[in-house]
Amino acid sequence: QVQLVESGGGLVQAGGSLRISCAASGRTFSTYTMGWFRQAPGKEREFVAAITWSRGITSYADSVKGRFTISRDNAKNTLYLQMNSLKPEDTAVYYCAASRRITIPNTSQYMYDDWGQGTQVTVSE
């Protein structure tokens, strides 16, 4: 099992930037792919971005493509999400997830095994 702890969320104005992080601990050597998902009030959890841990292959949701960048620091066992040109519709709780089953990015939350507690990102008008 992998323990995941997100940080870096907060309040930002529309058009601004924010970087959130996810520190992984435990059986991190068994992790193949990590991702970010988000859930807004009253909505289902949705895929944001994912990256393979060894080769760094990435995938993005269309809604964030060109604005968000996912990256990882293998030495620090940390996942990042750089969010630029933020919009009010990006407001959500952002969750970090790790998969021990997939070696390419996957948009389905059911392919991820371990989850963080989430960090709130709020974008004001």
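Nothing here was measured: the structure is a model prediction, and the numbers come from that model.

## Some remarks on the overall build of the protein
Along its length, the protein carries zero helices and eleven strands. The globule rule puts the C-alpha radius of gyration for 125 residues at 14 Å, and the 13 Å found for the protein is close to it. Each of the three principal axes of the protein carries a C-alpha extent, and together these read 40 × 25 × 25 Å. Within the span of the protein, comprising 125 residues, buried residues form 45% of the whole. For the protein, restricting intrachain contacts to residue pairs at least 6 apart in sequence, the fraction spanning at least 24 positions comes to 58%. Carbon and sulfur atoms provide 47% of the accessible area of the protein, an area that totals close to 6300 Å². The distance from the centre of the 13 positive side-chain charges to the centre of the 10 negative ones in the protein is 7 Å.

## Overview of the nonpolar core
Note that soluble globular proteins tend to have their nonpolar side chains buried in a common cluster. Of all hydrophobic cores here, the largest spans 35 residues; its most connected members are Trp36, Leu79, Leu81, Met83 and Tyr94. For methionine 83, the residues in contact, after removing those within four places along its chain, are Gly16, Ser17, Leu18, Ile20, Arg67, Phe68, Tyr94 and Val121.

## Structural notes on the pattern of salt bridges
Summed over the entire model, instances satisfying the criterion amount to six salt bridges. The closest approach of N and O atoms between arginine 67 and aspartate 90, which form a salt bridge, is 2.8 Å. Of this pair, arginine 67 sits in the loop between strand 6 (58–60) and strand 7 (68–73) while aspartate 90 is found in the loop between strand 8 (78–83) and strand 9 (92–99), placing the two residues 23 residues apart along the sequence. Residue class for aspartate 90 comes out buried when judged on its relative accessible area of 1%. Residues participating in the shared-partner salt-bridge network are Arg38, Glu46, Arg67 and Asp90.

About the cut-offs
Residues numbered from 1 in each chain as written. Predicted model: local features only at pLDDT ≥ 70, side-chain atom pairs only at ≥ 80, totals over all residues. Heavy atoms only, no water. Helix = DSSP H or I, 4+ residues; strand = E, 2+ residues; numbered from the N terminus. Rg over C-alpha atoms; globule rule 2.2 N^0.38 Å. Buried < 20%, exposed > 50% of the residue type's maximum accessible area, 1.4 Å probe, protein only. Contact = heavy atoms within 4.5 Å. Areas by Shrake-Rupley, 256 points an atom, 1.4 Å probe, with all protein chains shown as cover. Lys, Arg positive; Asp, Glu negative; His and termini not counted. Charge placed at Lys NZ, Arg CZ, Asp CG, Glu CD. Core = buried A, V, L, I, M, F, W, Y, C linked by side-chain atoms within 4.5 Å. Salt bridge = Lys/Arg side-chain N within 4 Å of Asp/Glu carboxyl O.

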